[in-house]
Structure formats: C-alpha cells, structure tokens
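Here is what each chain is made of, one letter per residue.
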Amino acid sequence: MTMPFYVAPEQVMKDRAEYAQKGIARGRSLVATTYDGGVLFVADNPSRSLHKISEIYDRIAFAGVGKYNEFDQLRVSGVRHADTKGFTFSREDVDARSLANLYAQYLGQVFTHEMKPLEVEILVAELGTATRPTQLFHIAYEGTITDEDHVAVLGGETAAIVEALEASWREDWGLADALRASVAALAGPDRTLGPGDLEVAVLAEGNGRRAFRRLADDELDALLG
Amino acid sequence: MNLPRFAPEDDPGPDFAALLLRRSPGPVQAVPTGPATGVDVRHGTTVVALRFADGVVMAGDRRATEGHSIAHRTMEKVFPADRYSAVAIAGAAGPAVEMVRLFQTQLEHYEKVEGVVLSLEGKANQLSQMVRSHFPMALQGLAVVPLFAGYDLQRGTGRIFNYDVTGGHYEETEHSATGSGGRDARTTIKLGYRPGLARDEAVELAIQALYEAADEDSATGGPDLVRGIYPLVATVTADGFTPVPEDEVATRFASLIERRRAEGRQP
C-alpha cells in the first residue's frame with residue numbers, strides 16, 4: 001500500500017492560486033467603466049462569435065476572462081438563475097448582488113474542494129434605477145468578491161490598465177470619451193486596437209426593457225473616429 | 001435559490017420549461033382527474049390577426065367572463081412575445097396568461113443562452129409544444145387557444161399561425177381570428193381584405209372586425225365609451241412590436257360609429 005504524501009495546506013492553496021493566475025494571465029484583458037448613460041464594457045477580443053461580454057437579464061450583464069468554456073458555463077448558469085428567479089417572483093426581484101454572491105460561493109467552493117480551480121475572473125454589472133445604484137461586482141478565481149465603484153479591469157496584468165483608466169475617468173463623461181479612454185488603456189503604450197480587435201457592449205437606458213446592447217463595427221468606427 | 005448547474009448529460013440546454021422542471025421536481029401544475037367534460041374551444045373572447053404590406057396587425061377585446069357575468073373589463077389578450085412577434089390568447093384566462101409568460105421567457109431564454117434569436121417558425125413550434133402539453137387540462141374544460149403572428153426577418157414578411165387545442169399549428173396566408181366571436185370577426189375581415197393593405201387600412205379593418213364580433217357575441221367586449229376602455233391593437237413590422245396608441249384606437253371607434261349614424265343606420 002502506498003502512503004499519501006503530506007502537503008501543507010498553505011502549499012496546496014498557493015499552488016492552486018498560481019495555477020489559476022497563470023491561466024488567466026494567458027488571456028487578454030477586459031475593462032468596464034461607468035459613463036453618463038450607463039455602463040460600458042470593452043474587451044480585447046478579435047472573435048465575433050465567442051463573446052466575453054453578454055446579457056444576463058434586463059439590467060444585468062456578465063463579462064469573463066480566462067478559459068472560455070469555464071466562464072461561458074458560469075454565464076449560462078447565471079442566465080438560468082436570473083430567468084428562473086424572474087419567472088418565479090417578478091422581473092424586478094432579479095438583482096446582481098445575489099447573483100454575484102452565488103458566483104463567489106461557487107468559485108470559492110471549487111477553489112478549495114476540487115483538484116483544479118477555475119481559471120476565470122468574472123464581472124457582474126447592474127445598471128441602476130431610481131432606487132438601486134449602478135453596481136460592478138468583480139469576482140476572482142478563488143471567490144473573492146469586490147464591489148467596484150466605477151472602474152473594473154479583468155485579466156492577468158491589470159495594474160497599468162487600472163492606473164490609466166482611473167486617471168482619465170470622469171463621472172459625467174459620454175460614451176465616446178469613455179470608449180476611447182478604455183481602448184487606449186487596454187492597448188497600452190505599444191499597441192493600437194481597432195474595431196476589429198474589440199468586443200464592445202453597453203448597459204444603457206433607452207434600449208427598452210432590456211438594457212444590454214452590443215455596439216456594431218460601424219458604430220465603433222464612428223465613436224473611435 | 002442556488003446557482004443552477006447540471007451534468008452534461010442532464011443539461012436542459014436552451015429549454016426554459018425543461019429547466020423549470022429540473023429546478024422544481026414534480027408536476028408544475030397538477031392535472032385534475034375525473035371524467036373529461038369535453039372540449040369547448042369557443043371560450044369567450046375575440047382576437048384577430050391580419051397581414052398587411054409591412055407586417056401584421058393583431059387585436060383583441062378586453063372582456064373576461066365567468067359564466068354569464070363579466071369577470072374583468074380590462075383584460076389584456078394581446079402580448080409581445082419578443083421584439084418581432086406577438087401572441088394573442090383565447091380560452092381559460094389563468095392558464096392562458098401563464099402560458100404567455102412561459103412563452104415570453106422561453107424566447108428570451110433561448111436567445112440569451114444560445115446567443116441567437118429563434119426563427120419565426122421555431123417560435124411557432126415552441127408555442128405548439130406548450131399548447132400540446134396543456135392538452136390534458138383542455139380535456140377538463142380549461143382550453144387555451146393562442147394566435148401567433150410575427151415579422152419573419154429572413155423572409156421579410158409578416159406571418160400568422162393559427163392553433164388548435166391539441167397544439168397543431170397552421171399558417172394562415174391572409175388573416176385569422178379565434179375565440180367565441182372569431183367567426184363574426186373573420187367574416188368582417190374577409191369582406192374588407194385584400195393583399196397589400198396599408199397599415200391604416202389594416203388597423204381599421206381589425207377594429208371593424210372587433211366591433212362586429214362584440215355586436216354579435218356576448219362574451220366579447222366592444223369599445224367601452226363610458227369607461228374609456230378600448231380593445232388592444234398592435235402591429236409587428238421590421239421595426240418590431242408597436243402598440244397602436246389608445247387615442248388612435250378610440251378615434252377610430254368613434255369615427256366608425258359616427259360614419260354609421262351619418263349613413264342613417266344603427267351603429
């Protein structure tokens with residue numbers, strides 16, 4: 001009979017965290033920021049069909065970076081949770097906070113109990129109403145949940161992006177300004193990103209009941225001008 | 001409520017009804033047992049749909065009845081199913097409204113999970129399955145018979161689907177009506193219909209049809225001039241589902257009555 005080796009729990013956690021961080025850092029980053037019309041999401045994503053940003057419910061959106069199949073599964077779970085909740089109770093009872101908590105619980109559970117942690121970092125954003133504020137919940141691979149005030153950056157190397165975006169952020173800036181600053185922050189000093197490299201969506205008033213809307217290439221062209 | 005997660009072999013996919021069943025095991029709705037009372041599909045209501053040049057018009061009266069008394073005067077029977085389609089209902093109010101809610105959620109759920117919108121034909125089929133699964137209730141006398149219409153973005157035209165109580169659906173090329181006043185409404189539309197009607201003509205025809213149906217059928221509510229309650233009318237075109245403003249509906253009913261008075265006949 002073979003004896004299992006003893007590994008200190010600190011070491012296990014450290015290894016898992018390293019593993020997840022490495023996986024996330026391999027992918028490209030994503031930013032979300034509030035602007036005068038709602039919330040803007042910009043992802044460095046050349047694919048037109050494998051989305052990183054998507055709709056969860058009337059005023060709730062989801063964004064994820066890392067391993068596509070893992071965060072996409074989380075997205076579908078979120079849609080299922082929201083639609084079931086809205087159908088059972090009422091549409092206004094569906095909120096980002098409870099969904100973000102469920103995600104955090106699940107990610108935390110997988111991180112501590114499973115062999116392999118999820119290599120994802122996700123964002124749940126809700127467009128505010130007269131009675132509810134706009135909220136950005138940033139959830140890390142091990143289940144840590146942060147309630148971001150106005151800017152959230154997801155990905156591996158985010159410090160420079162956060163710094164650039166925080167420096168230019170203004171509470172009352174419009175969509176074009178917010179978009180240009182987000183793209184510049186994502187690109188960094190050495191690259192330029194065109195409409196073809198970007199996936200952009202907004203949660204905004206004026207789209208009817210469902211606030212989520214993707215921005216098409218021609219619209220991006222006009223805004224980035 | 002926890003985060004719904006399923007093993008790959010048990011995953012409900014984009015099917016919201018299947019998801020609900022997995023989330024709350026057991027029958028969603030208990031089917032009453034006992035001898036079948038026979039199906040009476042002529043439940044009190046009139047809903048109509050007709051095609052015009054840019055899409056379809058759909059309209060429905062507002063009355064709900066319980067036997068011979070009026071149960072509700074402001075019932076809504078025409079709903080947006082999603083951005084490019086509408087559904088109208090005739091039959092037992094409770095299950096009918098619930099079916100519409102499930103249908104609306106299903107269409108949106110599919111769109112979000114799959115990332116693409118169902119085709120119009122696909123939506124019509126989905127509704128068929130819902131009516132079919134409701135058939136045991138229909139045998140107990142609680143039939144639901146919807147009418148579905150929408151704008152087919154691929155073909156660039158309005159389309160209408162008629163249903164029967166077993167869930168069968170049949171496409172109508174011109175117009176359709178259902179409910180206890182459906183027959184009178186259909187006759188009225190038939191007399192005034194031609195392909196390629198303009199939007200205003202089609203709305204006018206739908207209004208006339210409802211007026212005649214309410215005149216002949218006690219379970220169909222006409223324009224309630226005293227309370228200011230009017231039938232609901234909506235169009236579905238390339239611009240999506242658009243309700244016809246209540247003022248416009250009121251004006252059209254008023255001028256219909258006025259015209260008939262001027263001609264010297266009973267309104």
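Note that the coordinates shown come from a computational prediction; the quantities given were computed from them, not determined experimentally. (Residues numbered from 1 in each chain as written. Chains lettered and ligands numbered in written order. Predicted model: local features only at pLDDT ≥ 70, side-chain atom pairs only at ≥ 80, totals over all residues. Heavy atoms only, no water.)

(A) Summary view of the overall build of chain B. Regarding its fold elements, chain B presents seven helices and 12 strands. By the compact-globule yardstick of 18 Å for 267 residues, chain B fits well, its C-alpha radius of gyration being 19 Å. The C-alpha extent of chain B, read off along each of the three principal axes, is 70 × 45 × 30 Å. Among the 267 residues that make up chain B, the fraction classed as buried is 51%. Summarising the internal contacts of chain B: among those between residues at least 6 apart in sequence, 65% fall at separations of at least 24. In the structure as shown, chain B presents an accessible area of about 12500 Å², 50% of it carried by carbon and sulfur atoms. (Helix = DSSP H or I, 4+ residues; strand = E, 2+ residues; numbered from the N terminus. Rg over C-alpha atoms; globule rule 2.2 N^0.38 Å. Buried < 20%, exposed > 50% of the residue type's maximum accessible area, 1.4 Å probe, protein only. Contact = heavy atoms within 4.5 Å. Areas by Shrake-Rupley, 256 points an atom, 1.4 Å probe, with all protein chains shown as cover.)

(B) Region of the structure containing the packing of helix α2 (residues 93–114) of chain B against helix α3 (residues 120–133) of chain B. Residues and elements named next belong to chain B. Look at α2 against α3: their axes get within 11 Å of each other, and the N-to-C directions meet at 140°. Here α2 is positioned oblique relative to α3, judged by the angle of their axes. Crossing angle aside, the handedness with which α2 passes α3 is right-handed. For the pair α2 and α3, contact is made by M99, L102, F103, Q106 and L107 and by K123, Q126, L127, M130 and V131, respectively. For the contact of α2 with α3, the residue count by class is seven nonpolar, two polar and one charged. (Axes fitted to C-alpha atoms, helices over the stretch in contact; angles between N-to-C directions. Parallel < 35°, antiparallel > 145°, perpendicular 65-115°, else oblique. Left-handed = near helix turned anticlockwise from the far one by under 90°. Nonpolar A, V, L, I, M, F, W, Y, C, P; charged D, E, K, R; others polar.)

(C) Broad picture of the sheet that holds strand β5 (residues 120–126) of chain A. Residue and element names in this part refer to chain A. Taken in spatial order, the five strands line up as β3-β4-β5-β6-β7 in an open sheet, and their pairing is antiparallel. The open sheet has two edge strands with one neighbour each: β3 (53–57) and β7 (145–148). Across this sheet, the average inter-strand angle for adjacent strands is 25°, counted without regard to direction. (Pairing = 2+ DSSP bridges.)

(D) Up close: the interface of chain A and chain B. On the side of chain B, 22 residues touch chain A, which itself brings 25 residues to the contact. Considering only the side of chain A, the residues that lose the most area to chain B are R80, T84 and F87 of chain A, jointly responsible for 38% of the buried surface there. Linking chain A with chain B are five salt bridges. Elements with a contribution of two residues or more to the side of chain A that touches chain B: β3, α2 (68–88) and α3 (96–113) of chain A. (Buried area = accessible area lost by both parts, 1.4 Å probe. Salt bridge = Lys/Arg side-chain N within 4 Å of Asp/Glu carboxyl O.)

(E) Inspection of the packing of aromatic side chains at higher detail. Scanning the model with the defined rule gives eight aromatic pairs over all chains in all. Relative to F16 of chain B, the ring of F87 of chain A has its centre 5.4 Å away and its plane inclined at 75°; by these criteria the two rings are edge-to-face. Taken together, the positions of F87 of chain A in helix α2 and F16 of chain B in helix α1 (residues 16–23) put the pair across two chains. Judged by centre distance (6.1 Å) and plane angle (25°), the rings of Y230 of chain B and F253 of chain B are stacked. One end of the pair, Y230 of chain B, is in the loop between α6 (199–216) and β11 (232–237); the other, F253 of chain B, is in helix α7 (residues 246–262), and 23 residues separate them in sequence. Note on accessibility: Y230 of chain B and F253 of chain B belong to one class, buried. Through a chain of ring-to-ring contacts, three or more aromatic side chains come together here, namely F103, F148 and F161 of chain B. Across the ring face of F87 of chain A, the terminal group of R101 of chain B is positioned such that the distance to the ring centre comes to 4.5 Å. (Phe/Tyr/Trp six-rings, centres within 6.5 Å; stacked < 30°, edge-to-face > 60°. Lys NZ or Arg CZ within 6 Å of the ring centre and 35° of its normal.)

(F) Looking closely at the packing of helix α5 (residues 175–187) of chain A against helix α6 (residues 217–224) of chain A. All names here are of chain A. Between α5 and α6, the least distance of the axes is 9 Å, while the angle of their chain directions is 90°. As far as their axial angle goes, α6 and α5 are roughly perpendicular. Contacts between α5 and α6 involve L175, A176, L179, R180 and V183 on the former and, on the latter, L220, L223 and L224. Classifying every residue of the contact of α5 with α6 by side-chain character gives seven nonpolar, no polar and one charged.

(G) A look at the pattern of salt bridges. One pass over the structure, following the stated rule, counts 41 salt bridges over all chains. Here R199 of chain B ties to E248 of chain B by a salt bridge, and the two come within 2.8 Å at their closest N and O atoms. With R199 of chain B in helix α6 and E248 of chain B in helix α7, the pair connects residues that are 49 residues apart, well separated along the chain. The salt bridge partner of E204 of chain B is R259 of chain B, with a shortest N-O separation of 3.4 Å. Note that E204 of chain B is positioned in helix α6 and R259 of chain B in helix α7, a separation of 55 residues in sequence. Look at E204 of chain B and you get buried, because its relative accessible area is 15%. Through salt bridges that share partners, D58, D83, R91 and R209 of chain A together with E108 and K112 of chain B make up one connected network.

(H) Region of interest: the pairing of β7 of chain A. All names here are of chain A. Relative to β7, strand β6 (residues 135–139) runs antiparallel, the two being bridged by four bridges. Within β7, the position partnered with I139 by the bridge is I145. The loop that links β6 with its antiparallel partner β7 comprises five residues; one of these, G143, has a positive phi angle of about 100°.

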